[in-house]
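# Reading the structure
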Amino acid sequence: MTMFSSKSYDEDYFEAALAETDHACRFQEAKLNAETATLAQGSEAVCAFVNDDLSRPCLERLSEHGIHTVAMRCAGFNNVDLDAAADLGIRVVRVPAYSPHAVAEHTIGLLLALNRRLYRAYNRVREGNFSLHGLVGFDVHGLTVGIIGTGTIGAKVAALFKGFGCHLLCHDPQENEDVLALGGDYVELDPLFEKADIITLHCPLIEATHHLIDEAAIAKMKPGVTLLNTSRGGLVDTSAVIGGLKSGQIGNLGIDVYEEEDSLFFEDQSGAVMQDDVFARLLTFPNVMITGHQAFFTSTALRQIARTTLQNLIDLEQTGSCVNAVSKSP
Ligand code: NAI
């Protein structure tokens, strides 16, 4: 297998998991795309991550080099052209649930950091400034939380918010028994937008959910709403969100993902001039907290990602099928 977009932490956890198998892995720092696909030559499978580009041209190159399996080491697969993969006979597997707790807990982390101004408080105290001006937050207890997407992660988020004593309004074409048991009420999007004090996104990025949060949606929300997105950047129209922040319609924004993150995230760009003006504008707001797609990033999750990815390949090899196969566009 050739792993693309590989970082030292990937190598550490995969090396440990590989030691329990007779498989080998070639680690490549390069992102996977049509140009770099040739680096996979000699492997039977590639292992890719969230910002690799597995569109048709890339899959065609991989197929020419004899690659018959794409093993995504993440849950999302919106960056894979599944129709092209099917046409080329390339099997796609993923890691659907490595640690839903990791992402759910990070979502709450973003909320609390924003609400209680923890980043400002931390910096102030370090400078000997113990003033409380500008640090006022709000109780999460008793608020209404709108959860869009109540699958594996959304359900964990629902449980955490239930623990805070929140009322849960949910939107998902498929109701989740666990969320219903927590007292979650399933509603259409409009009432969720209108009633929720906090809105958190946990649905996949598909055609139907692209820019789910646009200008019209923001206009329906409660003034001062807190918006959280740890799912995929494309769910949100960032320009519309900037408008909402400027007008005060959005009171707080916590994001771990960004529409154009593939040219920014996962690299140290601290010495470079920021070229993305939209992202640069987001950074200017005192009520915006951005993390660089790290919600999944716990040791528990990394261990599970490595193990499941290798098990997926072993299952395909031994049985020709895999429970974590992704076979068609959702
Ligand atoms: P999942 O597949 O278990 O749940 C997704 C849910 O969204 C399903 O219940 C589905 O019915 C629902 N859904 C589909 N279309 C919808 C729509 N139009 N409106 C509302 N709900 C809709 O996925 P999981 O594991 O809970 O992950 C959710 C998302 O979180 C993933 O798609 C991925 O993009 C993102 N993610 C982000 C990570 C990070 O590090 N920031 C890490 C892992 C996942």
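Fair warning: this is a prediction, and the values are worked out from it, not measured in the lab. (Residues numbered from 1 in each chain as written. Predicted model: local features only at pLDDT ≥ 70, side-chain atom pairs only at ≥ 80, totals over all residues. Heavy atoms only, no water.)

## Considerations on the sheet that holds strand β4 (residues 69-72)
Spatially, β2-β1-β3-β4-β5-β13 is the arrangement adopted by the six strands of the open sheet, whose pairing is mixed. Only two strands of the sheet have a single neighbouring strand rather than two, namely β2 (26-27) and β13 (325-326). (Pairing = 2+ DSSP bridges. Helix = DSSP H or I, 4+ residues; strand = E, 2+ residues; numbered from the N terminus.)

## Considering the site of the ligand
Y98, T152, I153, D172 and T230 are the nearest of the 24 residues found near the ligand. R232 places a side-chain nitrogen or oxygen 3.4 Å from an oxygen atom of the ligand. Notes on the ligand: free accessible area 860 Å², of which the protein chains cover 86%. (Near = heavy atom within 4 Å. Polar contact = N/O pair within 3.5 Å; in protein donor to acceptor, adjacent residues only side chain to side chain. Areas by Shrake-Rupley, 256 points an atom, 1.4 Å probe, with all protein chains shown as cover.)

## Topic: the nonpolar core
Formed by 47 residues in total, the largest nonpolar core has its most connected members in L32, L54, L62 and V70. Elements supplying a minimum of two residues to this core: α1 (8-18), β3 (45-48), α2 (56-64), β4, α3 (82-88), β5 (91-93) and α12 (299-319). Element by element, the count of residues in this core is highest for α12, at seven residues. Residues within four places of L62 in sequence aside, it is in contact with L32, A37, A40, V46, L54, I67 and V70. Residues L169, L189, A240 and V288 belong to the second largest nonpolar core, which totals 32 residues. (Core = buried A, V, L, I, M, F, W, Y, C linked by side-chain atoms within 4.5 Å. Buried < 20%, exposed > 50% of the residue type's maximum accessible area, 1.4 Å probe, protein only. Contact = heavy atoms within 4.5 Å.)

## Some remarks on a negative patch on the surface
On the surface, a cluster of negative charge is contributed by E35, D53, E260 and D262. If you trace the backbone, D53 turns up in the loop between β3 and α2. Accessibility expressed as a relative area gives 37% for D53, which makes it partly exposed. (Patch = residues over 30% accessible without salt bridge, like charges linked within 9 Å, V, L, I, M, F, W, Y side chains within 5 Å. Salt bridge = Lys/Arg side-chain N within 4 Å of Asp/Glu carboxyl O. Lys, Arg positive; Asp, Glu negative; His and termini not counted. Charge placed at Lys NZ, Arg CZ, Asp CG, Glu CD.)

## Quick notes on the packing of aromatic side chains
If you walk through the whole model with that rule in mind, you get seven aromatic pairs. Judged by centre distance (5.5 Å) and plane angle (55°), the rings of F49 and F266 are tilted. Placement of F49 in the loop between β3 and α2 and of F266 in the loop between β11 (250-255) and α11 (277-282) is noted, with a sequence separation of 217 residues between them. You can call F266 partly exposed: its relative accessible area is 22%. The interplanar angle of 75° and the centroid separation of 6.1 Å between the aromatic rings of F265 and F279 together place this pair among those described as edge-to-face. Taken together, the positions of F265 in the loop between β11 and α11 and F279 in helix α11 put the pair 14 residues apart, joining distant regions of the chain. The buried category is assigned to F279, whose relative accessible area is 8%. One aromatic cluster in this structure is built from Y9, F49, F266, F296 and F297. (Phe/Tyr/Trp six-rings, centres within 6.5 Å; stacked < 30°, edge-to-face > 60°.)

## Description of the sheet that holds strand β9 (residues 198-201)
Read from one edge of the open sheet, seven strands run β8-β7-β6-β9-β10-β11-β12, paired in parallel fashion. Two strands in the sheet have a free side with no partner beyond their single neighbour: β8 (185-186) and β12 (288-290). Relative to β9, strand β6 (residues 144-148) is paired through four bridges, and the arrangement is parallel. In the sheet register, I148 faces β9, and the bridge partner there is L201. The strands that helix α10 (residues 238-247) touches are β10 (225-229), β11 and β12; relative to β11, the one it contacts most, it runs at about 140°. (Axes fitted to C-alpha atoms, helices over the stretch in contact; angles between N-to-C directions.)

## Brief notes about the domain arrangement of the protein chain
Here the domain parsing of the protein chain yields domain 1 (2-98 + 298-326) and domain 2 (100-290). For domain 1 and domain 2, the distance between their C-alpha centres works out to 30 Å. Taken together, the contact pairs 11 residues of domain 1 with 10 residues of domain 2. Here domain 1 packs against domain 2, burying approximately 930 Å² in sum over the two surfaces, 53% of which is carbon and sulfur. Three residues stand out in domain 1 for area buried against domain 2, namely K7, N51 and N78, and they jointly supply 46% of the buried area on that side. Scanning the region where domain 1 abuts domain 2 turns up one salt bridge. The residue E267 makes a salt bridge to K7 at a minimum N-O spacing of 2.7 Å. In this assembly, domain 1 and domain 2 are joined by five residue pairs in polar contact (both at pLDDT 80 or more). Here the side of domain 1 that touches domain 2 is built from residues that sort into five nonpolar, four polar and two charged. (Domains from an automatic or database assignment. Buried area = accessible area lost by both parts, 1.4 Å probe. Nonpolar A, V, L, I, M, F, W, Y, C, P; charged D, E, K, R; others polar.)

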